[in-house]
Every structure is written in C-alpha cells, then in structure tokens.
Amino acid sequence: MNRYAIRRNNRDKIVGILNYDEKTKKYTIEVPENVTPKEAPFMMSLLLKKGVRIMDSDLSMRWVQSRIIPSSRQNIGEILRANGMRSYDEHKLLLKNEGRSCQDEFYIERM
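Reading guide: rules and limits
- Every chain's residues receive numbers from 1 upward, in the order its sequence appears when written.
- A pLDDT threshold of at least 70 governs which residues receive local features in this predicted model, and a stricter bar of 80 or more applies before side-chain atom pairs are shown or counted, although totals over entire chains, interfaces and linings include all residues.
- Each side-chain value is derived from all of the structure's non-hydrogen atoms; neither hydrogens nor water enter the calculation.
- Numbering of helices and strands starts at the N terminus; helices are DSSP runs of H or I of at least 4 residues and strands are runs of E of at least 2.
- C-alpha atoms define the radius of gyration, and 2.2 Å times the number of residues to the power 0.38 defines the globule rule.
- Whether a residue is buried, partly exposed or exposed follows from its accessible area with a 1.4 Å probe, protein chains only, as a fraction of its type maximum: under 20%, in between, or over 50%, in that order.
- Should any heavy atoms of two residues lie within 4.5 Å, those residues are considered in contact.
- Here, Shrake-Rupley sampling with a 1.4 Å probe gives the accessible areas, and only protein chains in the shown set may cover a residue.
- Neither His nor the chain ends contribute to the count of charged residues, in which Lys and Arg are positive and Asp and Glu negative.
- To locate a charge, take NZ of a lysine, CZ of an arginine, CG of an aspartate or CD of a glutamate.
- To obtain the arc, one takes the directions from the helix axis to the C-beta atoms.
- Any pair of nitrogen or oxygen atoms within 3.5 Å is treated as a polar contact; in protein, a donor-acceptor pairing is required on top of that, and neighbouring residues in sequence qualify only through side-chain atoms on both sides.

**What to know about the overall build of the protein**
Okay, so step 1: Helix and strand counts for the protein stand at 4 helices and 5 strands.
Okay, so step 2: The C-alpha radius of gyration of the protein comes to 14 Å, within 12% of the 13 Å expected for a compact globule of 111 residues.
Okay, so step 3: Counting every position in the protein, which comprises 111 residues, the buried fraction comes to 36%.
Okay, so step 4: Considering only intrachain contacts with a sequence separation of at least 6, the fraction spanning at least 24 residues in the protein is 46%.
Okay, so step 5: As displayed, the protein has an accessible area near 7200 Å², and 47% of this comes from carbon and sulfur atoms.
Okay, so step 6: Averaging the locations of the 21 positively and 15 negatively charged side chains of the protein gives two centres separated by 2 Å.

What follows is the structure, given as structure tokens:
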C-alpha cells in the first residue's frame, strides 16, 4: 500500500491521505478529523459537509482522474512518449505531476 499526503501549496497541514493499493490498482482517500471543508479540495469539501471522511475507491478514482490527463485526449500518444511512458497508467501520470491540477493549489507527496 502506498500512501500520499494531500497538501495545499505553502501550507504544512495534511488535508487528506491518498492510499493506493498496487495489487488492486485502487485508491481510497481519508480526511483527518482536524480538516474543515474550507481547507479541503472541492470534491472532498462537499463530502465533508455531509460528514463523510473516507472516500471509497470509486470517488477516490474520480478525484485522481480529475488531476491527470484523460486517456481520451486527442494527442495522448505524444504526451505519453514525452513522459517516457509506453502505455497509459493513471498512477504514473499522477506521480509525474505530483497530483497537481490547474484548478486548485493541492498536490500529493509520498508519506
């Protein structure tokens, strides 16, 4: 099991923990008790408002997919080659850009 801290730029606080099971290739996300909806990424903040602190594999995968280039991208082969990849792999793409998105200031780092 690989674990990654979800953080916001210029802040030390961990706002979530992304877990990745290499065998099943599934993710889960846990949000610590001390994190408020205002501090969390948008998708997580909506769930926190409902009292949900653990995201199942489907919701966690949606969060991951929102942070990487989709496999349906028109020039995906060129993008993969530029990143030294032979095939599409969500996890490798996530790690290559540290889970960063142009939509917010959050990123991941290995724990």
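**Let's talk about helix α2 (residues 57-65)**
Okay, so step 1: Taken together, the buried positions of α2 are Ser60, Met61, Trp63 and Val64. Taken around the axis of α2, the buried residues stretch over an arc of 155°, which confines them to a single face. Of the exposed residues in α2, the ones pointing more than 90 degrees away from its buried face are Asp58 and Arg62.
Okay, so step 2: One side-chain oxygen at the N-terminal end of α2 lies 3.1 Å from the backbone nitrogen of Asp58; it belongs to Asp56.

Such coordinate-based values are descriptive only and should not be taken to indicate function.
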